[in-house]
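# A look at the structure
This is what each chain is made of:
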Amino acid sequence: MSSRKRSVGAMLLEFRDDMVTLLVGPYETKMAVHASHLQNSSEFSKLALQKWWQEGEERTIRLPEERPDDFRYYLHFLYKHEIATEPLDNPAGFDIAERYAFHADLYLLGERMQDRDFKNAIIDCMIETNELRNECNDTECPHVDTITTVYEGTPAPSPMRRLLVDMYVRQGDATWFAGADMRGGHPDFMADLVAALYLVAHGSYCLGEQYFKCQDYHEKPEEVVGIP
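A quick note: this is a predicted structure, and the numbers were derived from the prediction, not measured. Sequence order sets the numbering: in each chain, residues are counted from 1 along the sequence as written. For this predicted model, a pLDDT threshold of at least 70 governs which residues receive local features, and a threshold of 80 or more governs which side-chain atom pairs are given and counted, while totals over whole chains, interfaces and linings are taken from all residues. Side-chain descriptors were evaluated using all non-hydrogen atoms of the structure, hydrogens and water having been removed beforehand.

### Things to note about unusual backbone geometry
Leaving glycine aside, a negative phi is the common case for residues, and trans is the common case for peptide bonds. Although it is not a glycine, E28 adopts a positive phi angle of roughly 55°. Counting from the N terminus, the helices are the DSSP runs of H or I reaching at least four residues and the strands are the DSSP runs of E reaching at least two. Summarising the element assignment, E28 is placed in the loop between β1 (19–24) and β2 (29–34). Here E28 falls in the partly exposed class, since its relative accessible area comes to 42%. With a phi close to 60°, H81 is a non-glycine residue in the positive phi region. Given the relative accessible area of 62%, H81 is considered exposed. Categorising residues by exposure relies on relative accessible area from a 1.4 Å probe, with only protein chains included: less than 20% of the type maximum marks a residue as buried, more than 50% marks it as exposed, and the intermediate range marks it as partly exposed.

### Some thoughts on the packing of aromatic side chains
In summary, the pairing rule links any two rings of Phe, Tyr or Trp, Trp by its six-membered ring, whose centres are within 6.5 Å, and it sorts them by plane angle into stacked for under 30 degrees, edge-to-face for over 60 and tilted for everything else. In the structure shown here, the tally under the stated rule is six aromatic pairs. Residues F77 and F118 carry aromatic rings whose centres are separated by 5.3 Å and whose planes lie at 65° to one another, so their mutual orientation is edge-to-face. Separated by 41 residues along the polypeptide, F77 in helix α5 (residues 68–80) and F118 in helix α7 (residues 116–135) bring together distant segments of the chain. According to the relative accessible area criterion, F118 is buried, its value standing at 0%. Arranged with centres 5.8 Å apart and planes meeting at 80°, the rings of Y151 and F189 form a pair that is edge-to-face. Taken together, the residues Y151 in helix α8 (residues 144–153) and F189 in helix α11 (residues 187–201) connect sequence positions 38 residues apart. Neither Y151 nor F189 differs from the other in exposure class; each is buried. An aromatic cluster is built from F71, Y74, F77 and F118, whose rings are joined through pairwise contacts.

Structure below.
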């Protein structure tokens, strides 16, 4: 019995001096989180909490650029290991384009926090939304604004960039490019898309199966993707 108590106790959270205060957004919305959760998941937080940083001494991290509402999704993931979104099994009133934009914002939050697991989970959600799009015979791909958001907030080797290009290669329509929006798209995305389409034309770009495989777009532990 005593050994069982010790094994259970080892999994319990420490509620005494392990708490860190987060001041999120321009108005410093106060949130609290266990330091162990941040350090185990976020490389940014691990550095910020080191003793020789002022934030580490104060047990406070200031995140003035983050949106508190978005950051709550991140904290939920740290504790529950899931992205808190409404069920996708009922497409009524479901806006595919807005969901893509929402996931893009959360992915960039994960980029800034340097949290690989969170970014991989958002990739899964993005692909899940794309599958729902197919089931509903919806023609939506991520909008130009969403693509620009991702490209301006990620480095060149980002898996999210690659996923967006693959979505357009597989599911895009030539008529989309007649509109002013696409002609004003992010130049790096347009270059990546043209390069991919050239590879398709020459038979050296594998389109694969109808549905995307999440693991193909996951960052692996040995990968280091820098922040632009």
